[in-house]
There are 2 protein chains.
Amino acid sequence: MIKDNVSYESISRAARRLRNHIVKTPLLKSQYVNQKLKTNLFLKAENLQTIGAFKFRGAMNTILQLPASVSKVVAWSSGNHAQAVAAAAKITGREATIVMPKDSPQTKLDGTAFWGATIVKYDRNTENREEIGKAIAQKNDATIIPPFDDVNVIIGQGTAGIECIEQLEEINVIPDIVLCCCGGGGLIAGISTAIRAKFEKTKIFSVEPENFDDTKKSLENNELISNSMNHKSICDALLAEKPGNITFGINKLNLTSGLSVTDNEALKAMNAAYKHFKIVLEPGGAVALAAAISGKIDIKNKNVLVIASGGNVDKNVFESCLKTETI
Amino acid sequence: MIKDNVSYESISRAARRLRNHIVKTPLLKSQYVNQKLKTNLFLKAENLQTIGAFKFRGAMNTILQLPASVSKVVAWSSGNHAQAVAAAAKITGREATIVMPKDSPQTKLDGTAFWGATIVKYDRNTENREEIGKAIAQKNDATIIPPFDDVNVIIGQGTAGIECIEQLEEINVIPDIVLCCCGGGGLIAGISTAIRAKFEKTKIFSVEPENFDDTKKSLENNELISNSMNHKSICDALLAEKPGNITFGINKLNLTSGLSVTDNEALKAMNAAYKHFKIVLEPGGAVALAAAISGKIDIKNKNVLVIASGGNVDKNVFESCLKTETI
């Protein structure tokens, strides 16, 4: 497999490679939100991507480049990368084994099973998913598809950025600000590379759950900082322990700084997405919108691109979002 | 104002007229739904249209063609046409007065007020909205924008059909079946005209709420049949008393027959839209999907185009949909 550099050119090539496989997701607007926040906000609806999250881009980009001789893949994930690898494996005629935490949202466990993957459950608190995954890979002679710290995965996620650029150029909009969720940093590494190549002055911010703001802290300290992992968050998709080496290497060049939001702010953003954009977001998928809505950064009179990264959420959590007060 | 005929050509012209004003809404797919129902279903997400429903197409097409001398418009509507006329009036610098039932969903009352319209409330059971609207039009020298039985409104709604045709042609799909909600019949009159011009053999079905299936009965009897209006339904957007003269004249030529669904089937379809398509639908916006899911018609091994027409739904109703069991 060619390990290309992460660049606008390699992301463009991936966009062509993925053209017939991925959904070109829409860029949504709400006049109400814009008037209320005195801004010009565009929401990239990656919840409408295959498997309900952007992760399919990176998984499919990686798996499409595997040699035909590779018949088995393995991955670890709380649920979106799990479904993405399961789907990409199924579509390309491969077997997938996915290591998932026991407390993954049911919808993510169901989604992964739907695509025919073998699921191996582990305990987030006592077991190490990488060790389990690597042992399976060795035993089964399977290829590991990393969740974020991999060049082909990052390039695949970056295709969401290329789409945003095309969609904004069609309406002659240059983004002043980009807000993107950040777990391990794969999505924002890809998107920021694409955006940075086209729009030099755009400020790009990672958005993380409170207490899981390892990228924010790493950017502030210019070195890899880990989360304590003694906290809990409903943003199950964004609970990486620390930034990846590759992703942080890219993000420290591209990002302006990091932001964080509380679980309640994420729920309010899910409610706003329901009410004003008519889409379903999961907590982790709503943190970038949460940063915009909860005033973590001044977005007045600015063109703001917000990435809504996924919509795989269990009913009880969605019911909680409906009970919040939102804009 | 030119009163054009409803034809593929007039709808194409409207699509060009509306290009910079409307959202080209996506055609969504769910592998899960397709596998579960053994079908190939495409969901046109008009809930992502400006004001959260297709109604903006017809209202904007009509209002864009008003002479500049017309500074005031009036309309009656349970809520989606209300918001659509309010928005189109605001955008084109006109004043709108909207006659709405007192029991409209709060989100629709709020949405109409947001666009700066004057709202006049009436009682569905004791008052006649058309009489109230016509009196206001006369008093204020305002132009009436009819909810469905109007050539320019129908042509505007038909632009959703042109988009579906383009989106299906891009992927070389010819629809075997089209399922579309039906209140007064404006949307399906427009869409069926577009579809019929391109795909001769496609079967097109109206879908209505149980007890409000006036188009179904009118098609069966080949004459206008009214609903008794002694029933209730949560599908507030589809409670017209009888088909329009113009819409029925078109629909009786284009439609195969009519289907109806219960409120509970609509709720289950809203849940499926939430779970598998990650979008928010209102009950009336989900009836076409409900017909597909609840087996009202054989969709096995067929290409099925389903119109999801709107997503303006109050929280308590959405919570009810989450409590249903769905596919």
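Since we're looking at a predicted model, the values are computed, not measured. (Residues numbered from 1 in each chain as written. Chains lettered and ligands numbered in written order. Predicted model: local features only at pLDDT ≥ 70, side-chain atom pairs only at ≥ 80, totals over all residues. Heavy atoms only, no water.)

Right, let's get into the pattern of salt bridges. All names here are of chain B. By the definition in use, this model includes 26 salt bridges over all chains. Note that arginine 124 is salt-bridged to aspartate 103, the shortest N-O span being 2.8 Å. Remark: aspartate 103 occurs in the loop between β4 (95-101) and α5 (106-114) and arginine 124 occurs in the loop between β5 (118-122) and α6 (129-140); sequence separation between them is 21 residues. (Salt bridge = Lys/Arg side-chain N within 4 Å of Asp/Glu carboxyl O. Helix = DSSP H or I, 4+ residues; strand = E, 2+ residues; numbered from the N terminus.)

This part covers the nonpolar core. Generally speaking, a soluble globular protein has its nonpolar side chains buried in company with each other. Core analysis: the largest hydrophobic core is formed by 155 residues, its most contacted members being Leu179 and Phe318 of chain A together with Leu179 and Phe318 of chain B. Apart from the residues lying within four places of it in its own chain, the contact partners of leucine 179 of chain B are Phe205, Val207, Leu259, Ala288, Ala291, Ala292, Ile297, Val304, Leu305, Val306 and Ile307 of chain B. One finds Phe56, Ile63, Ala84 and Trp115 of chain A within the second-largest nonpolar core, a separate group that totals 27 residues. (Core = buried A, V, L, I, M, F, W, Y, C linked by side-chain atoms within 4.5 Å. Buried < 20%, exposed > 50% of the residue type's maximum accessible area, 1.4 Å probe, protein only. Contact = heavy atoms within 4.5 Å.)

Now for the packing of helix α3 (residues 55-64) of chain B against helix α7 (residues 151-170) of chain B. All names here are of chain B. The interhelical angle for the contact between α3 and α7, taken along N-to-C directions, is 130°, at an axis separation of 7 Å. Judged by the inter-axis angle, α3 sits oblique to α7. Note on packing geometry: the crossing formed by α3 with α7 is right-handed. Residue-level inspection shows Lys55, Arg57, Gly58, Asn61 and Thr62 of α3 in contact with α7, the latter providing Asn152, Val153, Ile155, Gly156, Gln157, Thr159, Ala160 and Glu163. Tallied by class, residues from the contact of α3 with α7 come to 3 nonpolar, 7 polar and 3 charged. (Axes fitted to C-alpha atoms, helices over the stretch in contact; angles between N-to-C directions. Parallel < 35°, antiparallel > 145°, perpendicular 65-115°, else oblique. Left-handed = near helix turned anticlockwise from the far one by under 90°. Nonpolar A, V, L, I, M, F, W, Y, C, P; charged D, E, K, R; others polar.)

The next point concerns the relation of the copies chain B and chain A. Rotating chain B by 180° and moving it 0.0 Å along the rotation axis overlays it on chain A with an RMSD of 0.0 Å. The two molecules are tied by a two-fold rotation axis, judged by turn and shift. Of every C-alpha in chain B, the one belonging to isoleucine 279 of chain B sits nearest the axis of rotation, 2.2 Å from it. (Least-squares fit on C-alpha atoms with pLDDT ≥ 70 in both.)

Residues and elements named next belong to chain A. Here 6 strands make up an open sheet; going across it, the order is β1-β2-β10-β7-β8-β9 and the pairing mixed. Edge positions in the open sheet fall to β1 (27-28) and β9 (257-261), since each of these has one partner strand only. Here 6 bridges tie strand β2 (residues 40-45) to strand β10 (residues 303-308), and the two strands are oriented parallel to one another. When the bridges of β10 are listed, lysine 44 appears paired with isoleucine 307. Contacting β1, β2 and β10, helix α7 (residues 151-170) runs over the sheet at an angle of about 140° to β2. (Pairing = 2+ DSSP bridges.)

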